[in-house]
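Listed below, chain by chain, are the residues.
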Amino acid sequence: TCVMGGISLVLFTSISIVGVKTLKREKVELTLKNLLIMIPIFIIGLGGIFGLNIAIPITATVSFSGLSLAAIVGIILNVIFKFIKIPFLEKSLIK
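Right, let's walk through the structure included here. Predicted model only: the values in this text are computed from it and were never measured.

On to helix 2 (residues 32-47), then. In this model helix 2 runs 22 Å from its N-terminal to its C-terminal C-alpha over 16 residues, within 8% of the 22 Å that 1.5 Å per residue would give. The set of residues buried in helix 2 consists of Lys33, Asn34, Ile37, Met38, Ile44, Gly45, Leu46 and Gly47. Looking at the packing, one finds that the buried side of helix 2 touches helix 1 (2-25) and helix 3 (66-83).

Right, let's talk about a nonpolar patch on the surface for a bit. A cluster of nonpolar side chains, Ile75, Ile76, Val79, Ile80, Phe83 and Ile84, forms an exposed patch at the surface whose accessible area comes to about 580 Å². What makes Val79 partly exposed here is its relative accessible area of 41%.

For the rest of this paragraph, the subject is the pattern of salt bridges. Counted according to the given criterion, the structure contains two salt bridges. Note that Arg25 and Glu26 form a salt bridge whose closest N and O atoms lie 3.5 Å from each other. With its nearest N and O atoms 3.8 Å apart, the salt bridge here joins Lys33 to Glu90. In this pair, Lys33 sits in helix 2 while Glu90 sits in the segment after helix 3, placing the two residues 57 residues apart along the sequence. You can call Glu90 partly exposed: its relative accessible area is 37%.

Right, let's get into the packing of helix 2 against helix 3. In the contact formed by helix 2 and helix 3, the axes pass within 8 Å of each other and the chain directions differ by 165°. Taken together, the axes of helix 2 and helix 3 are roughly antiparallel relative to one another. Helix 3 is crossed by helix 2, and the crossing has right-handed handedness. On helix 3, the residues that touch Lys33, Leu36, Ile37, Pro40, Ile41, Ile44 and Gly45 of helix 2 are Gly66, Leu67, Leu69, Ala70, Val73, Gly74, Leu77, Asn78 and Phe81. Grouping the constituent residues of the contact of helix 2 with helix 3 by class yields eleven nonpolar, four polar and one charged.

Here the focus is the packing of helix 1 against helix 2. Packing of helix 1 against helix 2 leaves a shortest axis separation of 10 Å and a crossing angle of 165°. Comparing their axes, helix 2 and helix 1 come out roughly antiparallel. Taken as a pair, helix 1 and helix 2 cross one another with a handedness that is right-handed. Counted together, Phe12, Thr13, Ser16, Val20 and Leu23 of helix 1 and Met38, Phe42 and Leu46 of helix 2 form the full contact between these two elements.

Rules behind the numbers
- Residues numbered from 1 in each chain as written.
- Predicted model: local features only at pLDDT ≥ 70, side-chain atom pairs only at ≥ 80, totals over all residues.
- Heavy atoms only, no water.
- Helix = DSSP H or I, 4+ residues; strand = E, 2+ residues; numbered from the N terminus.
- Expected span 1.5 Å × (residues − 1).
- Buried < 20%, exposed > 50% of the residue type's maximum accessible area, 1.4 Å probe, protein only.
- Contact = heavy atoms within 4.5 Å.
- Patch = residues over 30% accessible without salt bridge, like charges linked within 9 Å, V, L, I, M, F, W, Y side chains within 5 Å.
- Areas by Shrake-Rupley, 256 points an atom, 1.4 Å probe, with all protein chains shown as cover.
- Salt bridge = Lys/Arg side-chain N within 4 Å of Asp/Glu carboxyl O.
- Axes fitted to C-alpha atoms, helices over the stretch in contact; angles between N-to-C directions.
- Parallel < 35°, antiparallel > 145°, perpendicular 65-115°, else oblique.
- Left-handed = near helix turned anticlockwise from the far one by under 90°.
- Nonpolar A, V, L, I, M, F, W, Y, C, P; charged D, E, K, R; others polar.

Set out below in structure tokens:
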């Protein structure tokens, strides 16, 4: 319904803002590698609000979608980039 859509928008946007503030406060270095991890998390996590419903079905009634899928994708990307070292991905984008 429209009410649930509005509540979801406020909730997920608030969670995203807290995440961005945490990145800024902790002075996380903005590298291409970090962006390649953050962008899919944002798209998957907030995509449902904008009509992009990505889900992985587990059973007939259970599926991973939204924030749970975004968290799993973030973990997988972090593991991949930990073991695959590509030098140009480590350079800071902001001087």
